[in-house]
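# Structural description and commentary
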Amino acid sequence: MRRPLIAGNWKMNLNLAQMRALVAGIRAGCDPFGSVEIAVCPPTVYLFPIAEVIADSPIRLGAQDLYYEAQGAFTGEVSAAMVAETGARYAIIGHSERRHTIGHHEDDRMINLKVKAALAAGLTPILCVGETLEEREAGQAAEVLTFQISAALSGVKLASPERLVVAYEPVWAIGTGHNATPEQAQQAHAHLRSRLHAGVGKVAEEVRILYGGSVKPDNAGPIMTQRDVDGGLIGGASLKVDSFLAIIQATAENAAG
Ligand code: PGA
């Protein structure tokens with residue numbers, strides 16, 4: 001049994017008052033959906049205040065990124081241990097907005113170091129992988145996923161399945177309104193699970209693989225029914241109480257389990 005996880009990636013949106021209101025709304029409405037684990041990932045500077053707001057609630061905290069070095073002269077960076085000290089359980093790593101945007105261009109080696117740093121600090125990485133539109137159209141989607149997941153997990157030993165979450169996030173579906181079809185998602189997730197098997201062994205069966213990319217209340221249900229889809233990483237639709245809760249509800253009702 002893989003317990004579905006719905007994680008909200010707030011990216012660089014909202015202010016503190018709006019975040020507090022959002023979390024209060026999620027908290028007030030999430031009780032009926034206890035079968036689904038819920039996490040929110042605010043910008044780094046808001047991890048501490050949001051940790052306070054969700055204390056004594058089932059909502060978990062995640063960071064959107066971290067740096068792989070343990071300490072030292074790295075102006076502007078935040079280490080995995082610092083993130084862990086806020087009470088965060090998760091850290092998104094390798095999001096396409098960090099792999100592909102100007103000024104970041106994180107490569108697979110850096111993502112591998114970040115995964116290892118997160119694990120060493122006791123955090124659970126939400127490792128994002130996904131092909132671009134160009135790669136999909138060239139028939140390279142499976143190959144890209146194979147490469148990204150093996151590179152990110154190179155040298156990683158998983159003590160237990162809870163210590164890793166993978167997110168399939170086709171780059172062409174993020175923030176575009178064009179979600180992958182449930183069949184496309186299942187195909188990619190099954191492929192990722194088989195690659196995970198090759199990398200970390202049998203424990204892969206219990207590792208959760210989330211889908212991310214334009215998940216909305218009206219398309220969440222059919223995606224979540226897919227056998228290898230174990231929840232979602234939600235961007236735009238996680239910024240409003242109603243849409244985030246509706247996705248959580250659709251997941252509670254549809255998750256394959
Ligand atoms: P989106 O973002 O839901 O706005 O497409 C998803 C993500 O980037 O994790």
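Being a predicted model, the structure only gives us computed values, none of them experimental.

What follows is about the site of the ligand. In the region of the ligand, 13 residues are neighbours, and Lys11, His95, Glu169, Gly175 and Ser214 sit closest. Between an oxygen atom of the ligand and a side-chain N or O atom of His95, the distance comes to 2.7 Å. For the ligand, whose accessible area on its own is 280 Å², the fraction buried by protein is 96%.

Here the focus is the pattern of salt bridges. Enumeration over the complete set of coordinates arrives at 14 salt bridges. Ionic pairing is found between Asp65 and Lys114, a salt bridge with its closest N-O pair at 2.8 Å. Residue Asp65 is found in the loop between β3 (60-63) and α3 (80-85), and its partner Lys114 is found in helix α5 (residues 108-120); the two are separated by 49 residues along the sequence. Residue Asp65 shares its accessibility class with Lys114, and that shared class is buried. A salt bridge links Arg136 to Glu131, with the shortest nitrogen-to-oxygen separation between them at 2.7 Å.

Moving on, we get to the environment of Arg27. Along the chain, the position of Arg27 falls in helix α1 (residues 16-29). Along the chain, Arg27 and Ile54 lie 27 residues apart, while their C-alpha atoms are 7.9 Å from each other.

Bringing helix α2 (residues 47-54) into the picture now. With respect to burial, α2 is a largely interior element, six of its eight residues being buried. All of the buried residues in α2 are Leu47, Pro49, Ile50, Ala51, Val53 and Ile54.

All right, on to the sheet that holds strand β5 (residues 124-129) then. What holds strands together in a sheet is hydrogen bonding between their backbones, with the strands either parallel or antiparallel. Strands sit in the order β1-β2-β3-β4-β5-β6-β7-β8 around a closed barrel of eight strands; the barrel is parallel. Taking each pair of neighbouring strands and ignoring which way they run, the sheet shows an average axis angle of 25°. Both strand β6 (residues 165-168) and strand β7 (residues 208-212) contribute to a ladder of four bridges, which runs parallel. Considered in β7, the bridge of Tyr168 is made with Tyr211. Together, β2 (37-41) and β3 form the strand contacts of α2, whose direction differs from that of β3 by roughly 170°. The strands that helix α10 (residues 241-254) touches are β1 (5-9), β2 and β8 (231-234); relative to β1, the one it contacts most, it runs at about 160°.

This next bit is on the pairing of β2. Within β2, five of the five residues are buried, which leaves it mostly tucked inside the rest of the structure. With burial as the criterion, each face of β2 is covered, one bearing Glu37, Ala39 and Cys41 and the other bearing Ile38 and Val40. As paired strands, β1 and β2 are joined by five bridges and run parallel to one another. Along β2, the bridge assignment pairs Leu5 with Glu37. Where the polypeptide runs from β1 across α1 and back to β2, its parallel neighbour, the crossover connection is right-handed. In this sheet, β3 lies alongside β2 in parallel orientation, the contact comprising two bridges. Bridge pairing links Val40 to Leu61 in β3. As a crossover connection, the stretch from β2 through α2 into β3 is right-handed.

Rules of the game
Residues numbered from 1 in each chain as written. Predicted model: local features only at pLDDT ≥ 70, side-chain atom pairs only at ≥ 80, totals over all residues. Heavy atoms only, no water. Near = heavy atom within 4 Å. Polar contact = N/O pair within 3.5 Å; in protein donor to acceptor, adjacent residues only side chain to side chain. Areas by Shrake-Rupley, 256 points an atom, 1.4 Å probe, with all protein chains shown as cover. Salt bridge = Lys/Arg side-chain N within 4 Å of Asp/Glu carboxyl O. Helix = DSSP H or I, 4+ residues; strand = E, 2+ residues; numbered from the N terminus. Buried < 20%, exposed > 50% of the residue type's maximum accessible area, 1.4 Å probe, protein only. Pairing = 2+ DSSP bridges. Axes fitted to C-alpha atoms, helices over the stretch in contact; angles between N-to-C directions. Contact = heavy atoms within 4.5 Å. Right-handed = clockwise from strand over helix to strand, strands pointing away.

Fair warning: the whole summary comes from geometry, so function is off the table for now.
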